[in-house]
Amino acid sequence: MPGRAHPRPLPPELAPWYVYTEGLGHCIAVAVEGMHQPQGDPWEYMTVAPVSMVLRVAWTKQDLIIVAPVPYNTAIGCVIFDDAECEF
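Residues numbered from 1 in each chain as written. Predicted model: local features only at pLDDT ≥ 70, side-chain atom pairs only at ≥ 80, totals over all residues. Heavy atoms only, no water.

Draft legend 1. Looking closely at the overall build of the chain. When helices and strands are counted, the chain shows two helices and seven strands. In sequence order, the chain lays out its α and β elements as β-β-α-β-α-β-β-β-β. Against the compact-globule benchmark of 12 Å for 88 residues, the chain has a radius of gyration of 12 Å, which places it among compact chains. Taking the principal axes of its C-alpha atoms as reference, the chain extends roughly 35 × 25 × 25 Å. (Helix = DSSP H or I, 4+ residues; strand = E, 2+ residues; numbered from the N terminus. Rg over C-alpha atoms; globule rule 2.2 N^0.38 Å.)

In structure tokens, the structure reads:
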């Protein structure tokens with residue numbers, strides 16, 4: 001949702017990638033580690049993951065994007081194992 005902000009300050013590298021979705025709440029758009037191809041199609045390796053999930057994994061910034069080892073399924077996107085990770 002445009003105009004919605006995360007309730008706590010985000011690291012400066014993550015802030016530009018912040019999004020809010022109705023299904024997952026506060027998220028960060030990330031490239032999935034192991035799927036990221038610098039010359040590839042972003043639709044094939046990008047997803048949104050809950051902010052709390054991204055903050056707890058060892059994310060990095062590569063090729064101007066955030067790369068994170070988030071659980072991912074090509075059919076559904078980011079896999080959420082614990083609903084408590086989603087912040088609304």
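Draft legend 2. View of the packing of aromatic side chains. Summed over all chains, the structure comprises zero aromatic pairs. Across the ring face of Tyr20, the terminal group of Arg4 is positioned such that the distance to the ring centre comes to 4.2 Å. (Phe/Tyr/Trp six-rings, centres within 6.5 Å; stacked < 30°, edge-to-face > 60°. Lys NZ or Arg CZ within 6 Å of the ring centre and 35° of its normal.)

Draft legend 3. Spatial organisation of the pattern of salt bridges. Evaluation of the coordinates by the stated rule reveals two salt bridges. For the salt bridge of Glu87 with Arg8, the shortest nitrogen-to-oxygen distance reads 2.8 Å. Of this pair, Glu87 sits in the segment after β7 (77-78) while Arg8 sits in the segment before β1 (18-21), and the two are 79 residues apart along the sequence. Taking the relative accessible area as the measure of exposure, Glu87 reaches 16% and is therefore buried. Residue Arg8 is classed as partly exposed on the basis of its relative accessible area, which comes to 46%. Taking the shortest distance from any N to any O, the salt bridge between Arg56 and Glu85 comes out at 2.8 Å. (Salt bridge = Lys/Arg side-chain N within 4 Å of Asp/Glu carboxyl O. Buried < 20%, exposed > 50% of the residue type's maximum accessible area, 1.4 Å probe, protein only.)

Draft legend 4. A look at the side chain of Glu87. A distance of 2.8 Å separates the side chain of Glu87 from the side chain of Arg8, its partner in a polar contact. Those residues in contact with Glu87, other than ones at most four positions away along the chain, are His6, Arg8, Tyr20, Leu24, Gly25, His26, Val51 and Ser52. (Polar contact = N/O pair within 3.5 Å; in protein donor to acceptor, adjacent residues only side chain to side chain. Contact = heavy atoms within 4.5 Å.)

Draft legend 5. Seen up close, the pairing of strand β5 (residues 65-68). Of the two faces of β5, both are covered, the one formed by Ile65 and Val67 as well as the one formed by Ile66 and Ala68. Pairing of strand β4 (residues 60-62) with β5, which is carried by three bridges, proceeds in the antiparallel orientation. Following the sheet pairing, Gln62 is matched in β5 by Ile65. What sits between β4 and β5 in their antiparallel hairpin is a turn of two residues, with Asp63 showing a positive phi close to 50°. (Pairing = 2+ DSSP bridges.)

Just geometry here; none of it tells us what the structure is for.
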